[in-house]
Amino acid sequence: MIGIWALVAYTGAAPALGLPNLHNPFFLPSPGTVAKSLYNMFAHEGFAHDVWASTRRIGLGFLISAAIGIPLGIAIGSFRIVQAFFEPIIAAVRYMPASAFIPLLIIWFGIYEKEKIAVIFIGVFFPLTLLIADVSAGIPKELVNIAYTLGASRWQVFWRVLLPASWPGVLDNMRIGIGWAWTYLIVAELVAASSGIGHVILSASRFLQTDKIIAAIITIGILGLLTDALFRWLYWLLFPYSERVSR
Amino acid sequence: MSSISVSDVSMVFETRRGRVQAIDRVSLEIPDAHFACIVGASGCGKSTLLNIMGGLVRPTSGTVRVDGRQIHGPGTDRGMVFQSYTLFPWLRVRENVEFGPRLKRMAKEERRRISDRLLQEMGLADFARAYPKELSGGMKQRVAIARALANDPKVLLMDEPFGALDALTRAAAQRFLTQIWEQHRRTIAFVTHDIDEAIFLGDTVYTMTPRPGRLREVIPVDIPRPRTLDEFGTPRFGELKRHILELIIEHENRGVSQTAAAP
C-alpha cells in the first residue's frame, strides 16, 4: 500500500486514473513528508500528549463497557430470565448510532472527558454485550449435559462450565469491540475536544495540513495494531488449551 | 447389584410440522453387570431413549428406575459417554477425570488416587497433564470413559462413543471397553448403529425400529467371553448379524412399500 502511495505521490499517475490531482503535494503528501511531520508532531507539537489523551479515553470507555457488558452478556446468554428482560432493550439501542447521541451527551456531560467516555460507552457497550451473550448461549449443549450427568448443580454448571467455556470468545469479542471504541472516540473528538488525535486531525484540516492528517491517521492504525497484538498475546497466555494456540 | 429399567416410556416431540412420536411405549430391563446394546437405524429414537435413561430428557410418559428407584433427572449413579468429544477443553486430562469427584468436594489425595488408577487402566498415565487438544480421538474417548467411571456410577450409558473413530481405532477401543467392563463389571447400556459392534460387545442386543421408535426384539448374544477378533468370522456371529439386519431391513422395506402404495 505504501508502495502505491509512493508511486502516486511521486509520479503523478493519479489524473490518468481519473482521481483528483494527487500529484499535488497539497492533496497527497509523499510518504517522506508525512514521516517528517509525524516526527515534528511528536518532537515539537506535543503529539504524545494527544495520543495519551485518546488512549486514556479509549481505555476508560472500553473498560467501563467491558466491566458491565461482559457479566451482563454472560448472564443474558446463560439465563433465560435475564435474556427476556435485557435483550430486547439492548437490541433496540444497538441500532441507534452512537454519534447521534453526541449532542445530547454534550448537554448532559459537557464537552470534556465524561462526554467522550460516554460516547465510547454507548458505541461499544450495547453491541459488545450482545456478542458476548451469543458466546455464552453458543456453548455446546453437550458440555453442559455431561456436567449434569457428573453431578453438577445448575450453579456449578454456570461456574465450572459456562464461564470457563465462555472466556476465549469473550476475549475475541473484546478485541473486536476495542476497534469500535477507536471509531467512536475519533468521532467524539472531531465534534468537540481540546486534545486527542481526533482534535489534532480537525485542527490540521482547518490549516489544510494534509500531511499531519495522514500522520495522525497512521498513528491510529499503529495503535490499533499494537492493541491487536496485545489481545493476541493475552489469548496465547490465558488459553494455552485452545485449538488455535500452538506451542 | 445395579440394574436399570425402563417402563412404558414414550416420547412425543412437538415440532413445527406437528407431533413426532420418537419413542413408543418402550420397556426394558438391564440386569446387574450386564452389557446391553441398543441397535437401530438412525432416527429410531435410540439416542433419545438413552438420554431419557440419563435423565437429560424427560419422557412424555413412563418411568426409568435404577435399582428400583425412580429417577427424576441426571445423577452420579449414571455415567454417560457421548459420541461427540465432550472433554472440557480448558481442563487437563487429570482434571477432566477428577471433575465429578471435585464436585463432590472429595479430598485431593483421594481424588488423585482415583484418577491415577483410572488413567493407568486407560493407558493414559503419561498424558495426565495434557490438554484434550493434544489427544487423538480414541484417547479422548478413553478419558471420557475414565471421567464417567471416576464417579463410581452404577450404570454406564454410552451413546455411540466410538462412532467418530476410524475403523482401526474403533476396533481397538471396542476390545479395550470389553476389558474395562470385565474389570469393573458395570451395568452398561450402549447405543450404536453398528451391528458388528453390538454383537461383539453385548450380552444382549435390543433392536429398535423407527417412526415411531419401538423395541423390536431382544436378542441374547450366546457367544462366550472372552471374545476375540476371531468371533467376527464364526457362523454364530454371522447368524446373529443376519437376523438383526433382517429385523432392521424388513422394517425399512415395509416403510418403502407403504410409501410406494400411497396414492
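The coordinates are above.
For clarity, every value in this text was computed on a predicted model and none was experimentally measured. (Residues numbered from 1 in each chain as written. Chains lettered and ligands numbered in written order. Predicted model: local features only at pLDDT ≥ 70, side-chain atom pairs only at ≥ 80, totals over all residues.)

Residue and element names in this part refer to chain B. In this sheet, strand β4 (residues 61-66) lies alongside strand β1 (residues 4-15) in antiparallel orientation, the contact comprising 5 bridges. When the sheet's bridge partners are listed, Ser-5 is paired in β4 with Arg-65. Pairing of β4 with strand β5 (residues 69-70) involves 2 bridges; the strand directions are antiparallel. Counted as the bridge partner of Arg-65 is Gln-70 from β5. Hairpin remark: β4 followed by β5, antiparallel, with 2 residues in the connecting loop; positive phi at Asp-67, about 50°. (Pairing = 2+ DSSP bridges. Helix = DSSP H or I, 4+ residues; strand = E, 2+ residues; numbered from the N terminus.)

On to the interface of chain B and chain A. As a measure of interface size, the accessible area lost when the parts come together is often cited. Each side of the interface is counted separately: chain B has 21 residues, and chain A has 14 residues. Elements represented by at least two residues in the side of chain B that touches chain A include exactly β6 (78-81) and α3 (99-103) of chain B. Its residues assigned to classes, the side of chain B that touches chain A comprises 10 nonpolar, 8 polar and 3 charged. (Contact = placed C-beta atoms within 7 Å. Nonpolar A, V, L, I, M, F, W, Y, C, P; charged D, E, K, R; others polar.)

Residues and elements named next belong to chain B. Membership of the largest hydrophobic core comes to 79 residues, with the highest contact counts inside it found for Ala-36, Cys-37, Ile-38, Met-53, Ala-146, Ala-189 and Phe-190. Ranked by residue count, the leading element in this core is helix α5 (residues 137-149), at 7 residues. When sequence neighbours within four positions are dropped, the list of residues in contact with Phe-190 reads Phe-35, Ala-36, Cys-37, Met-158, Leu-201 and Gly-202. (Core = buried A, V, L, I, M, F, W, Y, C linked by C-beta atoms within 7 Å. Buried ≥ 20, exposed ≤ 12 C-beta atoms within 10 Å, placed from the backbone.)

Residue and element names in this part refer to chain B. Here 4 strands make up an open sheet; going across it, the order is β2-β1-β4-β5 and the pairing antiparallel. Strands with a single pairing partner mark the edges of an open sheet, and in this sheet they are β2 (18-30) and β5. Sitting on the sheet, helix α1 (residues 46-54) touches β1, β2 and β4, and the angle it makes with β1 is about 120°. (Axes fitted to C-alpha atoms, helices over the stretch in contact; angles between N-to-C directions.)

Moving on: the packing of helix α9 (residues 197-206) of chain A against helix α10 (residues 210-238) of chain A. Residues and elements named next belong to chain A. Axis separation between α9 and α10 bottoms out at 8 Å; the angle between their running directions is 165°. Comparing their axes, α10 and α9 come out roughly antiparallel. Relative to α10, the crossing made by α9 is left-handed. Residue-level contacts link Ile-197, Val-200, Ile-201, Ala-204 and Ser-205 of α9 to Lys-212, Ile-213, Ala-216, Thr-219 and Ile-220 of α10. Residues of the contact of α9 with α10, tallied by class, amount to 7 nonpolar, 2 polar and 1 charged. (Parallel < 35°, antiparallel > 145°, perpendicular 65-115°, else oblique. Left-handed = near helix turned anticlockwise from the far one by under 90°.)

Residues and elements named next belong to chain A. Here helix α2 (residues 31-44) spans 20 Å end to end across 14 residues, near enough to the 20 Å set by a 1.5 Å rise per residue. Contacts made by the buried residues of α2 are with α3 (47-78) and α10. Positive phi shows up at Gly-46, right after α2, with a value of about 65°. (Expected span 1.5 Å × (residues − 1).)

Let's shift gears to the pairing of β6 of chain B. Residue and element names in this part refer to chain B. Residues of β6 alternate between two faces, with Arg-78 and Met-80 on one and Gly-79 and Val-81 on the opposite face, all of them buried. For β6 and strand β7 (residues 155-159), the ladder comprises 4 bridges, and the chain directions are parallel. What sits directly across from Met-80, in β7, is Leu-157.

A few words on the sheet that holds strand β3 (residues 35-39) of chain B. All names here are of chain B. Judged by pairing direction, the sheet is mixed, and its 6 strands sit side by side in the order β6-β7-β8-β3-β9-β10 without closing on themselves. Of all the strands in the sheet, the pair left with one neighbour each is β6 and β10 (214-220). Pairs of neighbouring strands in the sheet enclose a mean axial angle of 20°, with direction left out of account. Summarising the sheet, β7 and strand β8 (residues 187-192) pair through 5 bridges and their orientation is parallel. What sits directly across from Met-158, in β8, is Phe-190. Taken strand by strand, α5 contacts β6 and β7, and its axis lies near 170° from that of β6.

Further remarks concern α5 of chain B. All names here are of chain B. If you check α5, its first and last C-alpha atoms are 19 Å apart, about what 13 residues at 1.5 Å a residue would give, namely 18 Å. Judged by how many residues are buried, α5 sits mostly within the fold: 11 of 13 residues are covered. Residues of α5 that are buried: Met-139, Lys-140, Gln-141, Arg-142, Val-143, Ala-144, Ile-145, Ala-146, Arg-147, Ala-148 and Leu-149.

Bringing the packing of helix α4 (residues 80-94) of chain A against helix α6 (residues 113-137) of chain A into the picture now. Angle between the axes and distance between the axes: these two values describe a pair of packed helices. All names here are of chain A. Close contact between α4 and α6 brings their axes to 9 Å; oriented N to C, the two are set at 135°. Taken as axis vectors, α4 and α6 run oblique relative to one another. The interaxial crossing formed by α4 with α6 has left-handed handedness. Contacts between α4 and α6 pair Glu-87, Ile-90, Ala-91, Val-93 and Arg-94 from the former with Phe-126, Pro-127, Thr-129, Leu-130 and Ala-133 from the latter.

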